[in-house]
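# Summary of structural features
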Amino acid sequence: MAETLPWSNPVRARLEAGEIALGVTITTNSIEAAARAATLGFHFLWMEMEHSPITLETLRAAVLATRGLPAMVFARVPVVELWTAKRVLDQGVSGVIFPFTSTPELAKTAAEACKYPPAGRRGSGPGLAMASWPGAGSYHDSADANVMVITVIEEARAVDHIDEIAATPGIDVLFIGTSDLSCSLGLLGRQDEPLLDEAIKKIVAAGRRHKKFLGRPAPSPERIPHFREQGFQFFQCTTELGLMAMGARQILDGLSKPQPAPGERSLY
């Protein structure tokens, strides 16, 4: 009988293979939307718990509703604390996204929050997570090996400490929150500014030095090839509501075009 290989996080596997990982952002408490989004071709769901009303109950339901579906469930917690990570990890997520990871101390807290002792400081109470985890065998070992740690760099002071942050063991992805970072630099969200570009270059260079994967928002698919050239692989795409709006525009824009006269062959 063939030996079953241990489960490995497919998002990390894609990144290690040099491929991109695309995440759709979930902002509503709709389990139907999350489950449907997990079938559309995205590699992970970015469950937005910092800027949206998604609750732990919704997160747990999304984990259960997406079991066996292609997209992994990652959660962005509202603050870098051991307990915020513990609450989402114990619902069964396979990645934690930490906002405003602006100091080496916060980076260390993020990394330690996602591993059990002696490697980290995660508390042991994974009954729910064990029941829905895709890997067989010891949950503790599998989670330690597979949970991804994504730190969001979105303040000027984080750029000042970026080499120390990037050097932190246990961090998988340096994700640049370009909007907040531009605000922190005094640019009020403007994205096409040399000062922001210089900050991004510093983060990219630190990530490469310390062999961390690089991530950023992808406002449009047309920009992804350019971002790939810069070294980015991990992308946050639009929200489920954004997908709805894009679909509506496609239909309504099509209706606004001249329609063929009766008897003419339609190209649509």
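Please read all numbers here as calculations on a predicted model, not as lab measurements.

### Some remarks on the overall build of the protein
- Within the protein one finds 13 helices and eight strands.
- For 268 residues, the compact-globule estimate of 2.2 N^0.38 gives 18 Å, and the C-alpha radius of gyration of the protein, at 20 Å, lies within 12% of that figure.
- Each of the three principal axes of the protein carries a C-alpha extent, and together these read 75 × 55 × 40 Å.
- Looking at the protein residue by residue over its 268 residues, the buried ones come to 47%.
- Put simply, 62% of the contacts in the protein that link residues at least 6 apart link residues at least 24 apart.
- Element-wise, carbon and sulfur atoms account for 58% of the exposed surface of the protein, whose accessible area totals about 13,300 Å².

### Brief notes about helix H11 (residues 194–209)
- The end-to-end C-alpha distance of H11 is 23 Å, a good match for the 22 Å that 16 residues give at a rise of 1.5 Å each.
- Among the residues of H11, those classed as buried are Leu196, Ala199, Ile200, Ile203, Val204, Ala206 and Gly207. For H11, the angular spread of the buried residues around the axis is 165 degrees, confining them to a single face. More than 90 degrees from the buried face of H11, the exposed residues found are Pro194, Lys201, Arg208 and Arg209.
- Among the residues trailing H11, Lys211 stands out with phi positive, at a value near 60 degrees.

### Some points on the pairing of strand S7 (residues 213–217)
- Counting buried positions along S7 yields five of five residues, so the element is predominantly enclosed.
- The alternating pattern of S7 places Phe213, Gly215 and Pro217 on one face and Leu214 and Arg216 on the opposite face, and all of these are buried.
- Bridge count for strand S6 (residues 173–176) against S7 is three bridges, and the pairing is parallel. Note that in S7 the partner of Phe175 across the bridge is Gly215.
- Of the strand pairs in this sheet, S7 and strand S8 (residues 234–239) are connected by three bridges, and their pairing is parallel. Across the sheet, the residue bridging to Pro217 is Gln236, located in S8.
- Between the parallel elements S7 and S8, the chain passes through helix H12 (residues 224–230) in a crossover that is right-handed.

### Details of the pattern of salt bridges
- Counted under the stated rule, the structure contains 11 salt bridges.
- As a salt-bridge pair, Glu112 and Lys108 come within 2.7 Å of each other at their nearest N and O atoms. Of this pair, Glu112 and Lys108 both sit in helix H5 (residues 104–113), four residues apart, roughly one helical turn.
- By relative accessible area, Glu112 is classed as buried at 16%.
- Exposure remark for Lys108: the relative accessible area of 45% places this residue in the partly exposed category.
- Two residues, Arg209 and Asp163, come together in a salt bridge whose shortest N-O distance is 2.8 Å. Taken together, the residues Arg209 in helix H11 and Asp163 in helix H9 (residues 162–166) connect sequence positions 46 residues apart.

### As for the environment of Asp180
- Take Asp180: it is sitting in helix H10 (residues 178–184).
- Each C-alpha atom of the pair Asp180 and Phe100 lies 9.1 Å from the other, and the pair is 80 residues apart in sequence.
- Residues within four places of Asp180 in sequence aside, it is in contact with Phe100 and Glu154.

### Re the nonpolar core
- Among the nonpolar cores identified, the biggest contains 62 residues, and Leu45, Met47, Leu59, Val88, Val93, Val96 and Phe98 are the most heavily contacted of them.
- Per-element accounting of this core gives the leading share, six residues, to H11.
- Every residue in contact with Phe98, bar those within four places of it in the chain, is listed here: Val77, Val80, Ala85, Ala110, Ala113, Cys114, Val149, Ile150, Thr151 and Val152.
- Grouped together as the second largest cluster of nonpolar side chains are 15 residues, Leu15, Phe44, Met148 and Phe175 included.

### Description of the packing of aromatic side chains
- Using the criterion set out here, one finds nine aromatic pairs in the structure.
- Centroid distance Trp7 to Trp133: 5.3 Å. Interplanar angle 75 degrees. Geometry classified as edge-to-face. You can see Trp7 sitting in the segment before helix H1 (10–16) and its partner Trp133 sitting in the loop between helix H6 (127–132) and helix H7 (139–146), a full 126 residues away along the chain.
- Relative accessible area serves as the criterion here: at 6%, Trp133 is assigned to the buried category.
- Ring pairs connect the aromatic residues Phe44, Trp46, Phe74, Phe175 and Phe234, which therefore count as one cluster.
- Between Arg216 and the ring centre of Phe227, over which it is positioned, the NZ or CZ distance is 3.8 Å.
- Residue placement shows Arg216 over the ring face of Phe232; its charged tip is 5.7 Å from the ring centre.

Rules and cut-offs
Residues numbered from 1 in each chain as written. Predicted model: local features only at pLDDT ≥ 70, side-chain atom pairs only at ≥ 80, totals over all residues. Heavy atoms only, no water. Helix = DSSP H or I, 4+ residues; strand = E, 2+ residues; numbered from the N terminus. Rg over C-alpha atoms; globule rule 2.2 N^0.38 Å. Buried < 20%, exposed > 50% of the residue type's maximum accessible area, 1.4 Å probe, protein only. Contact = heavy atoms within 4.5 Å. Areas by Shrake-Rupley, 256 points an atom, 1.4 Å probe, with all protein chains shown as cover. Expected span 1.5 Å × (residues − 1). Arc of directions from axis to C-beta. Pairing = 2+ DSSP bridges. Right-handed = clockwise from strand over helix to strand, strands pointing away. Salt bridge = Lys/Arg side-chain N within 4 Å of Asp/Glu carboxyl O. Core = buried A, V, L, I, M, F, W, Y, C linked by side-chain atoms within 4.5 Å. Phe/Tyr/Trp six-rings, centres within 6.5 Å; stacked < 30°, edge-to-face > 60°. Lys NZ or Arg CZ within 6 Å of the ring centre and 35° of its normal.

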